[in-house]
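Remarks on the overall topology
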Amino acid sequence: MNDIANTAEIAKVSKGDKSDLPLVSVSMPVFNSERYITEAIESVLAQTYTNFELIIVDDGSSDRTRKIIDQFTDKRIIKVYSDQNRGLITTRNLIAGMAKGKYLALLDADDRAFPERLALQVDFLENNFADLCGADHFTLNQVTGERKSSKQRHSNADIQALLSVCSPVCNPAIMGKLEIFKQFPYKASYMHAEDYCLWTEIALAGYRFANIKKKLITYRLHSTQTSVNHLQAARNVFSNAQASYLKTLGIPETCLPRPLPFYERLKYGVTFIKLINERIPHISIGANMELYARFQFRGNGLWTPLTRLERICVAFYGSVIGRS
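Residues numbered from 1 in each chain as written. Predicted model: local features only at pLDDT ≥ 70, side-chain atom pairs only at ≥ 80, totals over all residues. Heavy atoms only, no water.

Buried residues dominate strand 6 (residues 132–141), accounting for nine of its 10 residues. Relative to strand 8 (residues 175–177), strand 6 runs antiparallel, the two sharing two bridges. Paired with Leu132 across the strands is Gly176, a residue of strand 8. Strand direction decides the pairing type here: strand 6 and strand 9 (residues 209–221), joined by 10 bridges, are parallel. For Leu140, the partnering residue across the bridge sits in strand 9 and is Arg220. As paired elements, strand 6 and strand 7 (residues 147–149) share three bridges and run antiparallel to each other. (Buried < 20%, exposed > 50% of the residue type's maximum accessible area, 1.4 Å probe, protein only. Helix = DSSP H or I, 4+ residues; strand = E, 2+ residues; numbered from the N terminus. Pairing = 2+ DSSP bridges.)

If you want it as structure tokens, here you go:
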């Protein structure tokens, strides 16, 4: 295609003999990714699971990205080119509209999937353990070359609880039921924090999350990422979505997780832990510790014995409430 497929074309592509449809659609939005796109595409084509389609939408790149994409001739690749830059949100929603699989797997054009990624996530979802699943992963700092292992929580309760303070799933490691992405498209009003806002919407709708306890991708950090270039805007959108998430859970704004001095956090922090464990049962002690840490001052960054003891006691208290 010379330009973005229109709605009619998408609908036409989405129909057909279901016996010939792939089980997984891999979503890869692309913009000026000449440096990394080859590795990203090759990592998908090298998957041990083969019943997939890879939908690559080039969103008006001005570098060599399109020429690199054209070098790949695998029939499972669907290539769509736009002569305009319409933005990441529009591109992601377009791909979800085009997808023919039962599941949609996300992967950015600067990341790399490990060979067993699709196979393990398909098995996990087909066994009905969750509606969407992420995974442990490596984070690669492209400037320093430093590679770190992620520290994920894995249960649905922990993930939904931690959504009150952060995004506890790695977006390019996510695979989920396509119907969910069609029901909950990314919203332009949530630009720069659209991933977090989407996960809160899906969680509140009653869908189940999980993170697989195995590293399945390498997530690359570099200076050209949207999250780096629009940090303050992302924080503003995040704060609004965070407040809305807690309000829907029935947690008052006065309990919003934030650093507080000792006596105030005993009032608001402990109340927050109590309420969120009542709303979301079976949160682990570890996740409760992460939640309560948002009310504590870090000082020089090292936990003092008393601070750690306080955190453990409050986390245990919250976990007992969640199991009662």
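Moving on from the model shown.
The next subject is the side chain of Arg220. Tracing the backbone through its elements, the reader meets Arg220 in strand 9. For Arg220, a relative accessible area of 6% gives the class buried. For Arg220, the side chain forms a polar contact with the side chain of Glu39, separated by 3.1 Å. In terms of polar contacts, Arg220 uses its side chain to reach the backbone carbonyl oxygen of Asp110, at 2.6 Å. (Polar contact = N/O pair within 3.5 Å; in protein donor to acceptor, adjacent residues only side chain to side chain.)

With that settled, consider the nonpolar core. In terms of nonpolar packing, the biggest core is built from 55 residues, with Leu132, Phe181, Trp199, Ile202 and Phe272 touching the most fellow members. It is helix 8 (residues 194–204) that contributes the most residues to this core, six residues altogether. For Ile202, the contacting residues outside a window of four places in its chain are Leu132, Ile180, Phe184, Tyr207 and Phe209. If you look at the next biggest cluster of nonpolar residues, it comprises 36 residues, including Tyr81, Leu107, Val122 and Ala135. (Core = buried A, V, L, I, M, F, W, Y, C linked by side-chain atoms within 4.5 Å. Contact = heavy atoms within 4.5 Å.)

Quick look at the confidence of the model for the protein chain now. Mean pLDDT over the protein chain: 87, with 88% of residues reaching 70 or higher. In the predicted structure, residues 1–17 sits below a pLDDT of 50 and forms 29 contacts with residues beyond four places in sequence or in another chain. (pLDDT = per-residue confidence, 0-100.)

Closest axis-to-axis distance for the helix 11 (residues 262–279)/helix 12 (residues 285–293) pair is 10 Å, and the angle between their directions is 145°. Where helix 11 crosses over helix 12, the handedness of that crossing is right-handed. Residues Arg265, Leu266, Gly269, Val270, Phe272, Ile273, Ile276 and Asn277 of helix 11 pack against Asn288, Leu291 and Tyr292 of helix 12. Classifying every residue of the contact of helix 11 with helix 12 by side-chain character gives seven nonpolar, three polar and one charged. (Axes fitted to C-alpha atoms, helices over the stretch in contact; angles between N-to-C directions. Left-handed = near helix turned anticlockwise from the far one by under 90°. Nonpolar A, V, L, I, M, F, W, Y, C, P; charged D, E, K, R; others polar.)

Attention now goes to a nonpolar patch on the surface. A surface patch of nonpolar side chains, amounting to about 340 Å² of accessible area, comprises Phe262, Tyr263 and Leu266. Within the secondary structure, Tyr263 sits in helix 11. (Patch = residues over 30% accessible without salt bridge, like charges linked within 9 Å, V, L, I, M, F, W, Y side chains within 5 Å. Areas by Shrake-Rupley, 256 points an atom, 1.4 Å probe, with all protein chains shown as cover. Salt bridge = Lys/Arg side-chain N within 4 Å of Asp/Glu carboxyl O.)

The subject of this paragraph is the packing of aromatic side chains. Within the structure shown, the criterion is met by eight aromatic pairs. Ring centres of Tyr196 and Phe238 lie 4.2 Å apart, and the angle between their planes is 40°; on these two criteria the pair is classed as tilted. Here Tyr196, found in helix 8, pairs with Phe238, found in helix 10 (residues 231–248); they are 42 residues apart in sequence, far enough to count as distant. Tyr196 gets classed as buried once you look at its relative accessible area, which sits at 4%. With centroids separated by 5.6 Å and ring planes inclined at 50°, the aromatic side chains of Phe272 and Phe295 adopt a geometry described as tilted. Linking Phe272 in helix 11 with Phe295 in the loop between helix 12 and helix 13 (305–323), this pair joins segments that are 23 residues apart in sequence. Here Phe272 matches Phe295 in class, with each residue buried. (Phe/Tyr/Trp six-rings, centres within 6.5 Å; stacked < 30°, edge-to-face > 60°.)

Glancing now at the pairing of strand 3 (residues 77–82). The pairing of strand 2 (residues 52–59) with strand 3 spans six bridges and is parallel. The residue of strand 3 that forms the bridge with Leu54 is Ile77. Between strand 2 and its parallel partner strand 3, the chain crosses via helix 3 (residues 65–70), and the hand of that crossover is right-handed. (Right-handed = clockwise from strand over helix to strand, strands pointing away.)

Right, let's get into the side chain of Thr139. As for its position among the elements, Thr139 is in strand 6. With a relative accessible area of 18%, Thr139 lands in the buried category. Beyond its immediate stretch of four places on either side in the chain, Thr139 contacts Glu146, Arg147, Lys148, Tyr219 and Leu221.

A few words now on helix 2 (residues 37–45). When we look at burial in helix 2, the residues that qualify are Ile37, Ala40, Ile41, Ser43 and Val44. On an axial view of helix 2, the arc spanned by its buried residues comes to 160°, and they lie on one face. (Arc of directions from axis to C-beta.)

Summed over all chains, the structure comprises 18 salt bridges. Taking the shortest distance from any N to any O, the salt bridge between Glu278 and Arg279 comes out at 3.5 Å. Counted as one network, the salt bridges with shared partners bring together Arg92, Asp108, Glu194 and Asp195.

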